[in-house]
Amino acid sequence: MKITYNWLKEFIDIEDLTPQEVADIMTDVGIEVDALTYAGKDIEKVVIGKILTIEKHPNADKLKICQVDVGDTVLQIVTGADNIFEGAIIPVALHGSKLPSGIRIKKTKLRGVESNGMLCSEEELGLTSHSEGIMILPEDEGLQPGKDAVEALELNDWIIEYEITTNRPDALSVLGIARELKSALGREIILPETTFSTIDENADKTLNLSVKDEIACPRYDAFTARNVKVKPSPLFMQMRLYKVGLRPINNIVDITNYVLYELGQPMHAFDADRLNGNTIVVRRAKDGETIVTLDGIERKLTAEDLVIADAEKPVALAGIMGGEESGVTFNTRRIVLESAHFEPLTIRKTAKRLGISTDASYRFERGADIEATVFAAERALHLMQKFADAEIYSGKVEFYPKPYTPKVIVFNPEKVKKLVGADIPPRKSFEILSSLGFPVKKEQDYIIVKVPSWRKYDVAREVDLIEEVVRIYGMKKIESTYPLMHSNVERPRRFDNIMKTKEFMTAKGLNEAINYSFIGKKLYDAFGLNFENLIKISNPLSEEWVGMRDLITPSLVNNCVQNIKRNEKNVALFEVSVVFNNTGKELPEEKLHAAFVLSGKRPEGLYDEREVDFYDIKGIAEELIEYFGLKAEFKRSEKKFLHPGQSADITINDQKIGFIGRIHPDVEEKMDIKQPVFAGEIYLDSLFKLSKEKKTTFKKLPKFPPVTRDLALLVNRETPAAEVERIIKQAAGKLLERIKLFDVYQGKNIPEGKKSLAFSLTFRSTQKTLSDEEVSRIIDKVIKKLNELNITVRA
């Protein structure tokens, strides 16, 4: 969903707040802002121009030579556009200008004729993904040649793109967001103008209405107007529609879309002269009945589909899309304006079956405001009279047999503290609910609350009101605490182990990520994994959530990629979650995993700042396993999505408990990753079980000092460090207390195909102090064994 900052300013006074501050407030109250984009971004040296003359190009039939007034001069510009004419007002990119696509416009010659700029289309200005000619601007808007296009086209505005949960359809409009800001800021809403004059004739004399299914259509209001002048919309309206992702069509259609985004109420305008019998019938379709919708596609209907029909045939899919035959065109003179309310499930079924998603269906599927139909229609009629000279019939044709009755909820402010742990004063709860539009009344220790019509679909219980109070009060003000416990029951060991794992990861400087347990085929395919092995969801919300994941790593790497693309180059994330293995049985096997990714600079928990490498991800895995009292071994991994030379499977007592490695270059290329990403995943159920089985033993502190020796070795590049470590341990015997790899080097002074591994070896005896001679004999024995395997000591 998109709205603009300047549009929002017309509904609430936010002049003192920057667009970013508004976005932050929206996010704090639960309306998550995904993006904040300057509408005029990357548009430089583009001005308003007026075409004075047009001549044929002497050397090309499809090119034209235009003389264009750009204010301080007249430029010659060559174009191939067919929709231009003398006197046309158009945007002009001057020499040296920049466009959103990244293109720089320069003087050039086209088939031997000099061209000093470019006439711009909507696509070239970044307003649409496709356009069929030059952008022709209204002649009656007073646009002066030479004026900066960013200002003239109202692109000096910010586009706020946000996500809502399915239970908050009330926030799908400028008014809805203004209501949220009203509560958060304590400011009043400014409602738009809705006044208009009417003629003496009454609407019910021009239209017959019959609603055959009052469950699917509990309210229907129709207004009529005559002598409308259908033409392009005013520039401000066109530009606002462009900025929220819509394409302007004509003033009547644009007004219905404009008010939809303003107030959240879908509407539809019919050409009244194309309605047979001057009749509107809201009914179920007949099996096999067809309609050609506004997108030019013929739709075959079933008896479950709700349609708007005239006396003979369907003229619209109710709440989804109008019909092509009854649509408003530039020849339309009389209109019927529909503003109705449709039951969500009916609209959702038809939209899903036909594969249609429109702005109207998106709102009706989630639940529009049944009380907003007249207010929205009056706003649209005001605009139609202002911009289309509509003569509006008095009254309306309506069907509303059961007016909305607000649900009454008894709210106990004390329950807020019990459920949330926040001590919010009752008076504050009262003020918050009132500011959100809930009629409230204080009664002794309770608050009697009525649910406004725009919140009927998501506020049904006292706990819903508590959620409203808490999100406006501010989640940041609430401290995290454990729930009150009144029993001596011990917490499960598994829970404690999960918390230990999370605390360990956090201490290492990693941030916790929380993903859905679903995954899409595209992401799985990028990792070279078999998507068909996953458990499939029969009715997924989207293509990205089709399968139940059996690994966390793809999701976490995807999080990493999204951060990098947003210029967060240093990424350190972890996730602890259940995965689902397809066993072929009725229920999947659920396993607890922990995954972690690193990219860019090392996190603070790894002490020194440098680029992460394989040994950082190995160190995290190794230390986590040691944290649970176990010792891991690392063996070359065969996983296709990991780099063959920088990856390993993790085993304990020959039992595989995870893997680590750099993401394979092929995967990095498919996901457009521009920097190395290292990932690891540990099977926590297996780790916890082995940790439980391991008995804790104690030994005396050593009486005798250790002896440390460093050993730098030249080995084949393909030889795993773990294999070399195993050989050293075997040759050194029991006096080797500890071995640590502290350096890996490939480069200058290292032979081709070789690498240098540097180990620190610690020797100690429990019986005596070791002499240098004794340690040297052990080192000689180790070197002899290594030499047998073509591993030499580096000089």
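Residues numbered from 1 in each chain as written. Predicted model: local features only at pLDDT ≥ 70, side-chain atom pairs only at ≥ 80, totals over all residues. Heavy atoms only, no water.

*Asks:* Explain the overall build of the protein residue by residue, including any values.
*Replies:* Helices and strands together make up the secondary structure of the protein, namely 20 helices and 40 strands. The C-alpha radius of gyration of the protein comes to 35 Å, more than 25% above the 28 Å expected for a compact globule of 795 residues. Here the C-alpha coordinates of the protein stretch approximately 115 × 85 × 55 Å along the principal axes. Counting contacts in the protein only where the partners sit at least 6 residues apart, residues at least 24 apart contribute 69% of the total. On the protein, the mean spot of the 114 positive side-chain charges and the mean spot of the 122 negative ones are 7 Å from each other. (Helix = DSSP H or I, 4+ residues; strand = E, 2+ residues; numbered from the N terminus. Rg over C-alpha atoms; globule rule 2.2 N^0.38 Å. Contact = heavy atoms within 4.5 Å. Lys, Arg positive; Asp, Glu negative; His and termini not counted. Charge placed at Lys NZ, Arg CZ, Asp CG, Glu CD.)

*Asks:* Explain the packing of aromatic side chains to me, and be specific about the residues and the numbers.
*Replies:* Under the counting rule described, the total for this entry stands at 15 aromatic pairs. Taken together, a centroid distance of 5.6 Å and an interplanar angle of 35 degrees make the contact between Phe 504 and Tyr 627 tilted. A residue pair is termed long-range when its members are at least 10 positions apart, and Phe 504 in helix α13 (residues 493-507) and Tyr 627 in helix α16 (residues 614-627) qualify at 123 residues. What links up through ring pairs into an aromatic cluster is the set Trp 7, Phe 236, Tyr 258 and Phe 387. A cation sits over an aromatic face here: Lys 618 above Phe 634, 4.6 Å from the ring centre. (Phe/Tyr/Trp six-rings, centres within 6.5 Å; stacked < 30°, edge-to-face > 60°. Lys NZ or Arg CZ within 6 Å of the ring centre and 35° of its normal.)

*Asks:* Residue-level account of the layout of surface pockets, with values.
*Replies:* Gaps left between atoms are located by rolling a probe of water-molecule size over the structure's atoms. In this structure, the second largest pocket occupies an estimated 1000 Å³ of space. Those elements that provide at least two residues to the lining of the second largest pocket are α16, β33 (633-636), β34 (642-652), α19 (721-732) and β38 (736-745). Residue contributions to the lining of the second largest pocket peak at 8 residues, all from β34. Grouping the amino acids of the lining of the second largest pocket by side-chain chemistry returns 18 nonpolar, 8 polar and 17 charged. (1 Å grid on protein atoms, 1.4 Å probe; cavity = no way out; pocket = protein on both sides within 12 Å on 5 of 7 lines; lining within 4 Å. Points joined across faces, edges and corners; volume = space filled by probe spheres on them. Nonpolar A, V, L, I, M, F, W, Y, C, P; charged D, E, K, R; others polar.)

*Asks:* Any details on the side chain of Arg 471? Residues and values, ideally.
*Replies:* With respect to the element layout, Arg 471 can be found in helix α12 (residues 462-473). Classification of Arg 471 by relative accessible area gives buried; the value is 8%. (Buried < 20%, exposed > 50% of the residue type's maximum accessible area, 1.4 Å probe, protein only.)

*Asks:* Tell me what's going on with the sheet that holds strand β27 (residues 511-512), and back it up with residues and numbers.
*Replies:* Pairing between the strands of a sheet comes from backbone hydrogen bonds, and it takes one of two forms, parallel or antiparallel. Taken together, 7 strands build an open sheet; the order of strands is β27-β31-β32-β36-β35-β34-β33 and the sheet is mixed. What marks the edges here is a single partner per strand, and that holds for β27 and β33. Of the pairings in the sheet, the one linking strand β31 (residues 571-581) to strand β32 (residues 589-599) comprises 11 bridges and is antiparallel in character. Looking across to β32, one finds that Phe 574 is bridged to Phe 596. Here α13 sits on the sheet and contacts β27, β31 and β32; the angle it forms with β31, its principal contact strand, is near 155 degrees. (Pairing = 2+ DSSP bridges. Axes fitted to C-alpha atoms, helices over the stretch in contact; angles between N-to-C directions.)

*Asks:* Explain the pattern of salt bridges residue by residue, including any values.
*Replies:* Inspection of every chain in the model, using the stated rule, returns 56 salt bridges. Asp 271 is paired through a salt bridge with Arg 274; the nearest N and O atoms lie 3.7 Å apart. (Salt bridge = Lys/Arg side-chain N within 4 Å of Asp/Glu carboxyl O.)

*Asks:* Run through the packing of helix α5 (residues 235-243) against helix α6 (residues 251-263), naming residues and quoting values.
*Replies:* Two elements in contact, α5 and α6, have axes separated by 10 Å at closest approach and are oriented at 55 degrees. Judged by the angle between their axes, α5 and α6 are oblique. The interaxial crossing formed by α5 with α6 has left-handed handedness. Counting all contacts with α5, which are made through Phe 236, Met 237, Arg 240 and Leu 241, the residues of α6 involved are Asp 254, Ile 255, Asn 257 and Tyr 258. Each residue belonging to the contact of α5 with α6 can be placed in one class, and the counts come to 5 nonpolar, 1 polar and 2 charged. (Parallel < 35°, antiparallel > 145°, perpendicular 65-115°, else oblique. Left-handed = near helix turned anticlockwise from the far one by under 90°.)

*Asks:* Can you tell me about the nonpolar core, naming the residues and giving the values?
*Replies:* If you look at the biggest cluster of nonpolar residues, it comprises 77 residues, and the most contacted ones within it are Leu 8, Val 22, Met 26, Tyr 162, Ile 177, Leu 181 and Phe 411. Per-element tally for this core: the top contributor is helix α9 (residues 373-388), with 9 residues. When neighbours within four sequence positions are excluded, Tyr 162 is seen to be in contact with Met 1, Ile 3, Met 26, Ile 31, Glu 32, Val 33, Asp 34, Ala 171, Leu 172, Ser 173 and Ile 177. With 37 residues, the next largest nonpolar core counts Cys 217, Val 315, Met 321 and Ala 340 among its residues. (Core = buried A, V, L, I, M, F, W, Y, C linked by side-chain atoms within 4.5 Å.)

*Asks:* Pulling in residues and values, what's your account of the pairing of β31?
*Replies:* Regular strands place their side chains on alternate faces of the sheet. Within β31, 9 of the 11 residues are buried, leaving the element largely enclosed by the surrounding structure. With 2 bridges joining them, β27 and β31 adopt parallel strand pairing. Bridge pairing in β31 places Asn 511 opposite Leu 573.

*Asks:* Describe in detail empty space enclosed by the protein, supporting the description with residues and values.
*Replies:* This structure, assessed with the given rule, holds 1 cavity of 30 Å³ or more. One number sums up the size of the largest cavity: a volume of about 50 Å³. Together, Thr 206, Leu 207, Thr 224, Ala 272, Leu 275, Asn 278, Arg 334, Ile 335, Val 336 and Tyr 393 line the largest cavity.

*Asks:* How would you explain the sheet that holds strand β26 (residues 446-450) if you had to name every residue and give the values?
*Replies:* Strand order in the open sheet made by the 3 strands is β24-β26-β25, with antiparallel pairing throughout. The two strands at the open ends of the sheet, each matched to only one other strand, are β24 (408-411) and β25 (440-443). Across this sheet, the average inter-strand angle for adjacent strands is 25 degrees, counted without regard to direction. Of the strand pairs in this sheet, β25 and β26 are connected by 4 bridges, and their pairing is antiparallel. What sits directly across from Lys 442, in β26, is Ile 447. Contacting β24, β25 and β26, helix α11 (residues 426-435) runs over the sheet at an angle of about 155 degrees to β25. Lying over the sheet, α12 contacts β24 and β26, oriented at roughly 65 degrees with respect to β24.

*Asks:* Quick rundown of a negative patch on the surface? Include the residues and the values.
*Replies:* A cluster of acidic side chains, namely Glu 32, Asp 34, Glu 161 and Glu 163, defines a negative patch on the protein surface. Of all elements in the fold, only β2 (32-38) and β10 (158-163) reach the threshold of two or more residues within the negative patch. Within the element layout of this structure, Glu 161 appears in strand β10. (Patch = residues over 30% accessible without salt bridge, like charges linked within 9 Å, V, L, I, M, F, W, Y side chains within 5 Å. Areas by Shrake-Rupley, 256 points an atom, 1.4 Å probe, with all protein chains shown as cover.)

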